[in-house]
Amino acid sequence: MDYKDLANLIFPEAKEIAYYEEKYPRRNLKEGAIVTRFAPSPTGVMHVGGLYQALIAKKIANQTEGVFFLRIEDTDQKREVENGVSGIVTSLKDFAIEPHEGMSSETEEIGNYGPYKQSQRKEIYQAYAKYMIEQGKAYPCFCTPEDGEQIRAKQEAAKIRPGYYGVWAKCRNHTVEEMAERIKKGESYIIRFKSPGREDKKIKHKDVIKGNVEFPENDQDIVIIKADGLPTYHFAHAVDDHLMGTTHVIRGDEWLSSVPLHLQLFYELGFKAPKYAHIAPIMKNDKGNKRKLSKRKDPEAAASYYEEVGIPAEAVKEYLFNIANSTFENWRRANPDKSMEEFELQLNKMSVSGALFDMVKLLDVGKTVISKYTAEKVYEEAYNWAEKHEEELANLLRNKEYALKVFGIERGNKKPRKDIAKWSDVKENIEYMYDEAFDKKEQEYPYQVIKEKEEVQKILSLYIERYYDENDDKQTWFNKIKELAGEMGYAKEVKEFKANPEKYKAHVGDVSTVLRVALTARTNTPDMYEIMQVLGKERIIKRFEKAKQFFS
Ligand code: GLU
């Protein structure tokens, strides 16, 4: 009896690995092309950290004309949720991070390197496990969970490193005959890797993001095939990323300490190891403390949050690039109109300790992104969002022709309006342009410098009687406000007022504010000339009358 017989006894059906090596040939890509993947477990909601990893992995693949694929790691079937794959596929689609290859729905996939769902690759893993047993690099372990408990208790009592290694790895030294006999007797077992490593030796490794790292060698005989016949993450990672041609494993840095084991597995399997890029988690400033963005504590940790509050996916992505590479901000400033896809992302410039996620900055990016949209696009996006999340807004927007005029105010010019960061801001920012909504609300007219009843009423009356003409161009319109100011004893120019404040009651800007507040009940709005154009004379008069009454 030798290792080969033992391997045959354990996996009689498994194919030779040569079969798979041939079935999944090396990818024929141009030199320097990078193959990356996103490999989540379908265990629930997609986390923004997952999006971040996927975004980076896809960007790196795209930049080098490589491939980005989606692999579902569902070998821990206890942790699975229903429709977990669809959830991931949909999230990636919502953020336009669709993979080139891999799972495309709960059950479908595209590409020649599948199946892309680990639970369907059982026989592949078993073929490689069989190969390892044949080489004497893996063995069946008959230790029961109770044996495991005992080992742990002894190690704890003796204050030594926990695990299944060295003298503690009871089953690694059984003879082949003994192993075969116990299997034939029907004892249950798992398959363990026979680690050739030594804990007192160090390995040096260069991570693409973390730089040079040094670890003790792995000496743990980790489980590679579990009792249910499925592999553990470690073994599946090595087999899959080898067969699927991954050149760069971009993953969360909770896996960094597994690198010694993974490199060992690749080596013992006879595979070329990929490069590793370990991404630090996204952090959040919580009352002065930096901590990980948490699924439990932070609503913004869920990828679905952004659609719910109406932050465009494009803004989220743009912001994630911002925190991925600090050079992005300057690049964006120099290239305000380029697509973010043109930015050259560098893995080795990513934060080693964890980038800080700042909602205020993200909303700022949202404002800029939306400010560049056409009125038509703002309309479509806001309306679609409102239909799902805010009926009142959807009702306001039903009249498309009018809504386009409203969204068109101060848009499409050099300095477009920047008052909308997310679709849930829209109602607040446009409702004063709708009479029904405006009249329904009890308005508090927040006059500023000029606020006396008589003075305000006089400005409004005089303006309509003598100065307003809806055919005026913007310059004439503004000149007339200056004239009105002059007539009433206000400085026509702010400069003039500043030079001789004692000569005037206030200045033209203060007069404008009266008009603005009377029209919109706000001190801050986009361009007032355009607002007046959209409202038209009749409605302006009505608004002024309402404002005048406010005092009585
Ligand atoms: N399934 C692993 C996880 O979700 C994947 C890690 C990897 O990308 O290799 O953490």
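Here the residue index of a chain counts from 1 through its sequence in written order. Only residues with pLDDT of at least 70 are given local features in this predicted model, and only at 80 or more are side-chain atom pairs given and counted; all residues enter the totals for whole chains, interfaces and linings. Only heavy atoms go into the side-chain values, all of them from the structure, while hydrogens and water stay out.

Trainee: Whenever I open this one, the pattern of salt bridges confuses me. Can you help?
Mentor: Two side chains that carry opposite charge are able to pair once their charged atoms sit near each other. Salt bridges are defined by distance alone: a side-chain nitrogen of Lys or Arg within 4 Å of a carboxyl oxygen of Asp or Glu. Inspection of every chain in the model, using the stated rule, returns 46 salt bridges. A salt bridge links D241 to R37, with the shortest nitrogen-to-oxygen separation between them at 3.0 Å. Of this pair, D241 sits in helix 8 (residues 233-243) while R37 sits in strand 1 (residues 35-38); the two residues are 204 residues apart in sequence, bridging distant segments of the chain. Comparing D241 with R37, the two get one shared label, buried. The secondary structure listing takes helices from DSSP runs of H or I that are at least 4 residues long and strands from runs of E that are at least 2 residues long, numbered from the N terminus. Throughout, exposure labels follow a simple rule: accessible area from a 1.4 Å probe, protein chains only, divided by the maximum for the residue type, with under 20% read as buried, over 50% as exposed, and the rest as partly exposed.

Trainee: It is not clear to me how the site of the ligand should be interpreted in this structure. Could you clarify?
Mentor: Note on definitions. A residue lies near a molecule or strand when any single heavy atom of the residue is within 4 Å of it. Neighbouring residues of the ligand: R37, A39, P40, S41, E73, Y233, R251 and W255. In the analysis that follows, any N or O atom pair within 3.5 Å is treated as a polar contact, provided that within protein one partner can donate a hydrogen and the other can accept it, and provided that, for residues neighboring in sequence, both atoms belong to side chains. Note that a nitrogen atom of the ligand is positioned 2.9 Å from one of the backbone N or O atoms of A39. Protein chains shield 82% of the accessible area of the ligand, which is 300 Å² for the free molecule. Under the scheme applied here, ten amino acids are nonpolar (Ala, Val, Leu, Ile, Met, Phe, Trp, Tyr, Cys and Pro), four are charged (Asp, Glu, Lys and Arg), and all others, including Gly, are polar. Residues of the shell around the ligand, tallied by class, amount to four nonpolar, one polar and three charged. Note that accessible areas follow from Shrake-Rupley with a 1.4 Å probe, and for residues the cover is restricted to the protein chains shown.

Trainee: What's the story with helix 14 (residues 375-389) in this structure? I'm lost.
Mentor: Side chains three or four residues apart in an α-helix point the same way, a direct result of the helix having 3.6 residues per turn. Its 15 residues give helix 14 an end-to-end C-alpha distance of 20 Å, which sits within 8% of 21 Å, the value for a rise of 1.5 Å per residue. Listing the buried residues of helix 14 in full gives A375, V378, Y379, A382, Y383, W385 and A386. The contact rule is simple, with two residues in contact once any of their heavy atoms fall within 4.5 Å. Packing partners of the buried residues in helix 14 comprise helix 10 (304-309), helix 13 (359-371), helix 15 (391-397), helix 16 (400-408) and helix 17 (426-430). A helix is expected to span 1.5 Å for every residue after the first.

Trainee: Looking at this structure, how should I read empty space enclosed by the protein?
Mentor: Definitions used for this entry: grid spacing 1 Å over protein atoms alone; cavity, a set of points where a 1.4 Å probe fits but cannot get out; pocket, an open set with protein on both sides within 12 Å along at least 5 of 7 lines; lining residue, one with an atom within 4 Å of a point. Grid points are joined across faces, edges and corners, and a volume is the space filled by probe spheres set on the points. Counted under the stated rule, the structure contains one cavity of 30 Å³ or more. Each pocket or cavity is described by its volume, and for the largest cavity that value is around 30 Å³. What lines the largest cavity is Y52, I279, A280, I323, M350, S351 and A355. Looking at the lining of the largest cavity residue by residue, the class counts come to six nonpolar, one polar and no charged.

Trainee: Is there a simple way to think about the environment of K184 in this case?
Mentor: Following the sequence through the fold, K184 ends up in helix 7 (residues 176-184). Assessed through its relative accessible area of 61%, K184 is described here as exposed. Note: C-alpha distance between K184 and L9 (175 residues apart in sequence) is 8.6 Å.

Trainee: Hey, could you run me through the state of the cysteines in this one?
Mentor: Our working definition of a disulfide is a cysteine sulfur pair at a distance within 2.5 Å. Under the defined criterion, the tally for this structure stands at zero disulfides. The closest cysteine sulfur to the non-disulfide-bonded C143 is located on C171, 3.8 Å from its own sulfur. Exposure remark for C171: the relative accessible area of 2% places this residue in the buried category.

Trainee: Just checking my understanding: could you explain the nonpolar core for this structure?
Mentor: Side chains of a nonpolar character, in soluble globular proteins, are inclined to be buried together. Among buried residues, those of type Ala, Val, Leu, Ile, Met, Phe, Trp, Tyr and Cys that are joined through side-chain atoms within 4.5 Å constitute a nonpolar core. Formed by 173 residues in total, the largest nonpolar core has its most connected members in Y128, F235, F407 and Y463. Setting aside residues no more than four positions away along its own chain, Y463 makes contact with Y468, W477, I481, L484, L515, M532 and F544.

Trainee: Just to check I follow, could you spell out the sheet that holds strand 2 (residues 67-70) for this structure?
Mentor: Judged by pairing direction, the sheet is mixed, and its four strands sit side by side in the order 1-2-3-4 without closing on themselves. The open sheet has two edge strands, strand 1 and strand 4 (109-110), and neither has a second partner. For two strands to be treated as a pair, DSSP must find no fewer than two bridges joining them. Note that strand 2 and strand 3 (residues 101-103) share two bridges and pair parallel. The residue bridging F69 from the neighbouring strand is E101, located in strand 3. Note on definitions: angles span 0 to 180 degrees between N-to-C directions of axes, and those axes are lines fitted to C-alpha atoms, for helices only across the stretch in contact. The sheet strands contacting helix 3 (residues 48-63) are strand 1 and strand 2, and the helix crosses strand 1 at an angle near 160°. Helix 4 (residues 84-94) contacts strand 1, strand 2 and strand 3 of the sheet and is inclined by roughly 145° relative to strand 2.

None of the figures reported here should be taken as evidence of function without further support.
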